[in-house]
Amino acid sequence: MDSFKKNWFTEVCEMWPGGSFSFEVKEVLHKEKSKYQDILVLDTTSFGRVLVLDGIIQCTQKDEFSYQEMISFLPLCCHKNPEKVLIVGGGDGGVAREVAKHPLVKEIVQVEIDDKVIEVSKKYLPFMAVGFESKKLKLHVGDGFEFMKNHSQEFDVIITDSSDPVGPAVSLFQENYFALMKSALKPNGIVCSQAGTFWYSMDLVSSTLKICKNQFPKAAYATTSVPTYPSGQIGFVIGSLDNDVQFDKPTLTFSRQDELSMNLRYYSTDVHKAAFALPTFVKNELEK
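As the structure is a prediction and not an experimental result, all values here were calculated from the model.

Participant: Please set out the nonpolar core residue by residue, giving values where relevant.
Facilitator: Counting 39 residues, the largest nonpolar core has L74, V99, F236, Y267 and F276 as its most contacted members. Per-element tally for this core: the top contributor is helix α1 (residues 64-76), with six residues. Residues in contact with L74, not counting those within four places in the same chain, are E69, A222, F236, I238, Y267, H272, A275 and F276. With 37 residues, the next largest nonpolar core counts I56, M148, M202 and L286 among its residues.

If you want it as structure tokens, here you go:
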């Protein structure tokens, strides 16, 4: 099928067989093939600007803040003092934008393997790429695996903002990656990684959580709503070296005024707590 038939883009992927998601395209703003992946930026009638990598929607202007805020503030607000943060991936700048807002974060290190994603995001997705302008940020273009091998026990929080486990992102869902993250953490450190949707990818959710539990004494799966992701739901695995951590009880809470001053549009202390309240069928599967 033609993904641009009658000015519509359709996302089709082997990870969610038998279903697809489509939206009307006003203009193709950019299209290229980098060393690692196909990069596409679209201007759409209903979702604003959209970043697509290897045919898979990564973020849309309409709803990206839900994902960016949750993958950032869930781990940050579970840590007692997240001064130094590593972001692996996140080439659009959205996670850096959110991490920089946290009042206790002093230094952010980001490693993105594809410099073309950074370049394209700065040009076409400035609402996210503004994250690259933070004075807290040190940006490296390179392999997150290799970077962490040379940075042992250095970070309080590591956030992996990856695409789905297709192509270059496959390695970020494997046990050796979680072991490497563990080695790069300071005592009581926390990791957070994108971990798929329980509606279409329960096997991925379950296997990723099990891997996380193998490496960390405390681990959990949390969920958020992103309408333009498969099924409209996506989740994160969080692992901590702190035996006393309670993921659904944030160590730092925000007032309504804090939310407004930080320009938070999805995350709140109440939403944080609710993110770990899973449907019964999901709990049953993850407890097997």
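Participant: Go over the packing of helix α6 (residues 175-184) against helix α7 (residues 202-215) with me, naming the residues and quoting the values.
Facilitator: Angle between the axes and distance between the axes: these two values describe a pair of packed helices. As a packed pair, α6 and α7 sit with axes 9 Å apart at the nearest point and diverge in direction by 40°. Here α6 lies oblique to α7, going by the angle between them. The handedness of the crossing between α6 and α7 comes out as right-handed. Along its contact with α6, which presents E175, F178, A179 and K182, the element α7 presents T208, I211, C212, N214 and Q215. Taken together, the residues of the contact of α6 with α7 sort by class into four nonpolar, three polar and two charged.

Participant: Which residues make up the side chain of Q233, and what are the values?
Facilitator: The residue Q233 is located in strand β12 (residues 233-240) in this model. Classification of Q233 as buried rests on a relative accessible area of 7%. A polar contact of 2.7 Å, which involves the side chain of Q233, links it to the side chain of T197. Of note is the side chain of Q233, whose polar atom sits 3.0 Å from the backbone nitrogen of F198. Beyond its immediate sequence surroundings of up to four residues, Q233 is in contact with G196, T197, F198, W199, Y221, T223, T224 and V226.

Participant: For the domain arrangement of the protein chain, give the residues involved together with the corresponding values.
Facilitator: Once the domains are mapped, the protein chain shows domain 1 (8-60) and domain 2 (63-287). Between the C-alpha centres of domain 1 and domain 2 the distance comes to 22 Å. Taken together, the 22 residues of domain 1 in the interface contact 27 residues of domain 2. Of all residues in domain 1, M15, Y36 and T60 bury the most surface against domain 2, accounting for 28% of the area lost on that side. Inspection of the domain 1/domain 2 interface yields zero salt bridges. Taken together, the connections running from domain 1 to domain 2 amount to seven residue pairs in polar contact (both at pLDDT 80 or more). The leading source of residues in the side of domain 1 that touches domain 2 is strand β5 (residues 56-60), at five residues. Considered class by class, the residues forming the side of domain 1 that touches domain 2 number 13 nonpolar, five polar and four charged.

Participant: Pulling in residues and values, what's your account of the sheet that holds strand β2 (residues 21-33)?
Facilitator: Taken in spatial order, the five strands of this open sheet run β1-β2-β3-β4-β5, and their pairing is antiparallel. Looking at which strands have only one partner, the edges of the open sheet turn out to be β1 (8-11) and β5. Direction aside, the axes of adjacent strands within the sheet are offset by 45° on average. Pairing of β1 with β2 involves four bridges; the strand directions are antiparallel. Looking across to β2, one finds that W8 is bridged to E24.

Participant: Before we move on, could you go through the side chain of S134 and cite the residues and values that matter?
Facilitator: Its location among the elements puts S134 in the loop between α4 (126-129) and β8 (137-141). For S134, a relative accessible area of 19% gives the class buried.

Participant: Give me the lowdown on the pairing of strand β9 (residues 155-161), citing residues and values where you can.
Facilitator: Burial within β9 is extensive, with seven of its seven residues counted as buried. One ladder, built from five bridges, connects β9 with strand β10 (residues 185-196); its direction is parallel. Considered in β10, the bridge of V157 is made with I190.

Calculation rules
Residues numbered from 1 in each chain as written. Predicted model: local features only at pLDDT ≥ 70, side-chain atom pairs only at ≥ 80, totals over all residues. Heavy atoms only, no water. Core = buried A, V, L, I, M, F, W, Y, C linked by side-chain atoms within 4.5 Å. Buried < 20%, exposed > 50% of the residue type's maximum accessible area, 1.4 Å probe, protein only. Helix = DSSP H or I, 4+ residues; strand = E, 2+ residues; numbered from the N terminus. Contact = heavy atoms within 4.5 Å. Axes fitted to C-alpha atoms, helices over the stretch in contact; angles between N-to-C directions. Parallel < 35°, antiparallel > 145°, perpendicular 65-115°, else oblique. Left-handed = near helix turned anticlockwise from the far one by under 90°. Nonpolar A, V, L, I, M, F, W, Y, C, P; charged D, E, K, R; others polar. Polar contact = N/O pair within 3.5 Å; in protein donor to acceptor, adjacent residues only side chain to side chain. Domains from an automatic or database assignment. Buried area = accessible area lost by both parts, 1.4 Å probe. Salt bridge = Lys/Arg side-chain N within 4 Å of Asp/Glu carboxyl O. Pairing = 2+ DSSP bridges.

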